[in-house]
2 protein chains.
Amino acid sequence: MPTRAPRADAVVNRARIVSSARAALVESGGSVEGLRLQAVAKDAQVGQGTLYRHFPTREHLVAEVYRQEMTELVQTVPALLAEHPPLQALELWLDRLLEYARVKRGVVAAIEASAWQDLYADNEHRLDHALQTLLDEGAAAGAVREGVDATDVILLLGALSRVPEGQWDARAHTLVTVILDGLRRYR
Amino acid sequence: MPTRAPRADAVVNRARIVSSARAALVESGGSVEGLRLQAVAKDAQVGQGTLYRHFPTREHLVAEVYRQEMTELVQTVPALLAEHPPLQALELWLDRLLEYARVKRGVVAAIEASAWQDLYADNEHRLDHALQTLLDEGAAAGAVREGVDATDVILLLGALSRVPEGQWDARAHTLVTVILDGLRRYR
DNA sequence: CAGTTAAGCGGACGAATGTCCGTTACGCTG
DNA sequence: CAGCGTAACGGACATTCGTCCGCTTAACTG
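Residues numbered from 1 in each chain as written. Chains lettered and ligands numbered in written order. Predicted model: local features only at pLDDT ≥ 70, side-chain atom pairs only at ≥ 80, totals over all residues. Heavy atoms only, no water.

Draft legend 1. Expanded view of the overall build of chain A. Looking only at helices and strands, chain A has 10 helices and zero strands in total. Listing each helix as α and each strand as β along chain A from the N terminus yields α-α-α-α-α-α-α-α-α-α. Taking 16 Å as the expected radius of gyration for a compact globule of 187 residues, we find that chain A reaches 18 Å, a close match to that expectation. For the C-alpha atoms alone, the extent of chain A along its principal axes is close to 60 × 50 × 25 Å. Considering only contacts in chain A between residues 6 or more positions apart, those separated by 24 or more positions represent 71%. Accessible area for chain A stands at about 9300 Å²; split by element, carbon and sulfur atoms hold 49% of it. For chain A, the distance from the average position of its 21 positive side-chain charges to the average position of its 25 negative side-chain charges is 6 Å. (Helix = DSSP H or I, 4+ residues; strand = E, 2+ residues; numbered from the N terminus. Rg over C-alpha atoms; globule rule 2.2 N^0.38 Å. Contact = heavy atoms within 4.5 Å. Areas by Shrake-Rupley, 256 points an atom, 1.4 Å probe, with all protein chains shown as cover. Lys, Arg positive; Asp, Glu negative; His and termini not counted. Charge placed at Lys NZ, Arg CZ, Asp CG, Glu CD.)

Given below as structure tokens:
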């Protein structure tokens, strides 16, 4: 039962929506809740219904905009674990997340959203799975506390998406440090 | 230059708006972003403009709904500090916050909002000040890390307002524990 | 009490969101 | 290539938000 490929016009429209959303996110400083979907549809030259048909919620749209970033964050976990102890791997991974989020503020919001909804059709972008791997390896090594799962951490990392634009440098690293230290297992 | 007292009808309308908002929040499980202001105005039997005149944003409205809770959380800090070491006082205070938030899910959202806007006319409800006192005393005692301020902690506590209804028991205490342990200063 | 002032009102209005129905046009098949 | 099925479309519509203007009325003063 092979599903038919999307129509060519739908593929083009979808790409145009994503492109317009990406530009609008840059314009709004990565503010997902400030993303005006009507304006995105207009800029993409599609009707409003078309936008919602492709992306049922704004989270779906943002997740698609940042698909590449999510993939990279997920794919970097095995290499970090291969080269570093689990806790250090976790720290380096969080630093990488900070780098992404510094430039593209919507990434954290996309991560938050993807923790609660299955926004991608495959596991390649399941950042919660990747993060869970880091936590599991850390716990197995006795360096990360048990009883915390990836969703908990994503909830906490959500704080990053709420830092005002002008306070990123003052707060972001501190937040991640507190979270990381809270995850440590001290003996 | 004494300011005139509010008119009697305005006082009544304001109280009706708050009462309707409180009921609506209970109905929606404390979801602030799901609070429909038009419905609140209608239920309160006031015009839409009247609602916005009294409460310019939904955060102002929610802050008023939970004014009593905020006062109690603020006022409990000196007593906790008088009877316990700072870190333990902080822990007990966070436990108290959890109790409030368990029953009234909008309390954390009100705290979040009040960290960024001056929503109360006095300092009696400045929860960020109260929390800062706990952090300062803890740092002075060498038990809480330095370089973290109340706003950082409030950002992190924002995770609580995003825990889905059915997962509170599974996650809330863990989140607060991670935050608290991240705030500790280990030597 | 009457007159005045301005606090406070209601709801019309435009913008934005999300839904859905009639129409269009893409892609497949014979 | 023509015809058919249906994927996909545009945009009207109702709802909600937030603003603002003309009107109402509460409160003060002489």
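Read on, since the account is not over.
Draft legend 2. Representation of the interface of chain B and chain A in the model. Listed per partner, the contact involves 26 residues of chain B and 25 residues of chain A. Together, the buried faces of chain B and chain A total about 2100 Å²; carbon and sulfur atoms form 66% of this surface. Here chain B is connected to chain A by seven salt bridges. When the shortest N-O distance is used, the salt bridge between Asp152(A) and Arg171(B) registers 3.0 Å. At the junction of chain B with chain A, the criterion picks out eight residue pairs in polar contact (both at pLDDT 80 or more). In terms of residue count, the dominant contributor to the side of chain B that touches chain A is helix H10 (residues 168–183) of chain B (nine residues). A per-class count over the side of chain B that touches chain A returns 12 nonpolar, seven polar and seven charged. (Buried area = accessible area lost by both parts, 1.4 Å probe. Salt bridge = Lys/Arg side-chain N within 4 Å of Asp/Glu carboxyl O. Polar contact = N/O pair within 3.5 Å; in protein donor to acceptor, adjacent residues only side chain to side chain. Nonpolar A, V, L, I, M, F, W, Y, C, P; charged D, E, K, R; others polar.)

Draft legend 3. Layout of the protein's contact with DNA strand C. Taken together, 25 residues lie around DNA strand C, and Ala8(A), Arg36(A), Arg7(B), Asn13(B) and Thr50(B) are the ones closest in. Within the side chain of Arg7(B), a nitrogen or oxygen atom sits 2.3 Å from a base nitrogen of DNA strand C. Taking Thr50(B), its side chain carries an N or O atom lying 2.3 Å from a phosphate oxygen of DNA strand C. Elements with a minimum of two residues in the surface near DNA strand C: helix H1 (8–27), helix H2 (37–44) and helix H3 (48–54) of chain A together with helix H1 (8–27) and helix H3 (48–54) of chain B. (Near = heavy atom within 4 Å.)

Draft legend 4. Helix H2 (residues 37–44) of chain B, seen in detail. Residues and elements named next belong to chain B. When we look at burial in H2, the residues that qualify are Leu37, Val40, Ala41 and Ala44. Looking down the long axis of H2, one finds its buried residues gathered within 100° of arc, a one-sided arrangement. In H2, the exposed positions that point more than 90 degrees away from the buried face belong to Gln38, Lys42 and Asp43. Its buried side turned inward, H2 meets H1, H3 and helix H4 (58–65). Following H2 by one or two positions, Gln45 has its phi on the positive side, about 60°. (Buried < 20%, exposed > 50% of the residue type's maximum accessible area, 1.4 Å probe, protein only. Arc of directions from axis to C-beta.)

Draft legend 5. Up close: H10(B). Between the first and last C-alpha of H10(B) there are 22 Å, a value that for 16 residues agrees with the 22 Å anticipated at 1.5 Å per step. Within the sequence span of H10(B), burial applies to Trp168(B), Arg171(B), Ala172(B), Thr174(B), Leu175(B), Val176(B), Val178(B), Ile179(B), Leu180(B), Asp181(B), Gly182(B) and Leu183(B). (Expected span 1.5 Å × (residues − 1).)

Draft legend 6. The arrangement of the domain arrangement of chain A in detail. Residue and element names in this part refer to chain A. Domain assignment breaks chain A into domain 1 (8–62) and domain 2 (66–183). Tallying the contact residues gives eight residues for domain 1 and nine residues for domain 2. Between domain 1 and domain 2, the buried area comes to about 680 Å², and carbon and sulfur atoms account for 58% of it. When the buried area of domain 1 at its contact with domain 2 is split by residue, Glu59, His60 and Val62 rank highest and sum to 56% of it. Where domain 1 meets domain 2, there are zero salt bridges. (Domains from an automatic or database assignment.)

Draft legend 7. Focus on the packing of H1(A) against H2(A). All names here are of chain A. For the pair H1 and H2, interaxial distance at closest approach is 8 Å and the crossing angle is 125°. In terms of orientation, H1 lies oblique with respect to H2. You can see that H1 and H2 cross each other, and the crossing is right-handed. Where H1 approaches H2, its residues Arg16, Ile17, Ser20, Ala21 and Ala24 are matched on the opposing element by Val40, Asp43 and Ala44. Here the residues of the contact of H1 with H2 are counted per class, giving five nonpolar, one polar and two charged. (Axes fitted to C-alpha atoms, helices over the stretch in contact; angles between N-to-C directions. Parallel < 35°, antiparallel > 145°, perpendicular 65-115°, else oblique. Left-handed = near helix turned anticlockwise from the far one by under 90°.)

Draft legend 8. Layout of the protein's contact with DNA strand D. In the region of DNA strand D, 25 residues are neighbours, and Arg7(A), Asn13(A), Thr50(A), Arg36(B) and Gln38(B) sit closest. Sugar and phosphate atoms represent 65% of those atoms of DNA strand D found within 4 Å of the protein. Here a phosphate oxygen of DNA strand D and a backbone polar atom of Gln38(B) are 2.6 Å apart. Sorting the residues of the surface near DNA strand D by element identifies H1 and H3 of chain A together with H1, H2 and H3 of chain B as the ones contributing at least two each. Ranked by residue count, the leading element in the surface near DNA strand D is H3(A), at five residues.

Draft legend 9. Spotlight on the relation of the copies chain B and chain A. Overlaying chain B on chain A yields an RMSD of 0.1 Å, the required transformation being a rotation through 180° with an accompanying axial translation of 0.1 Å. Taken together, the turn and the small shift mark the pair as related by a two-fold rotation axis. Taking C-alpha positions as the reference, the residue of chain B nearest the rotation axis is Gly182(B), at 1.8 Å. Both copies present the same face, since 96% of the interface residues in chain B are matched by interface residues at the equivalent positions in chain A. (Least-squares fit on C-alpha atoms with pLDDT ≥ 70 in both.)

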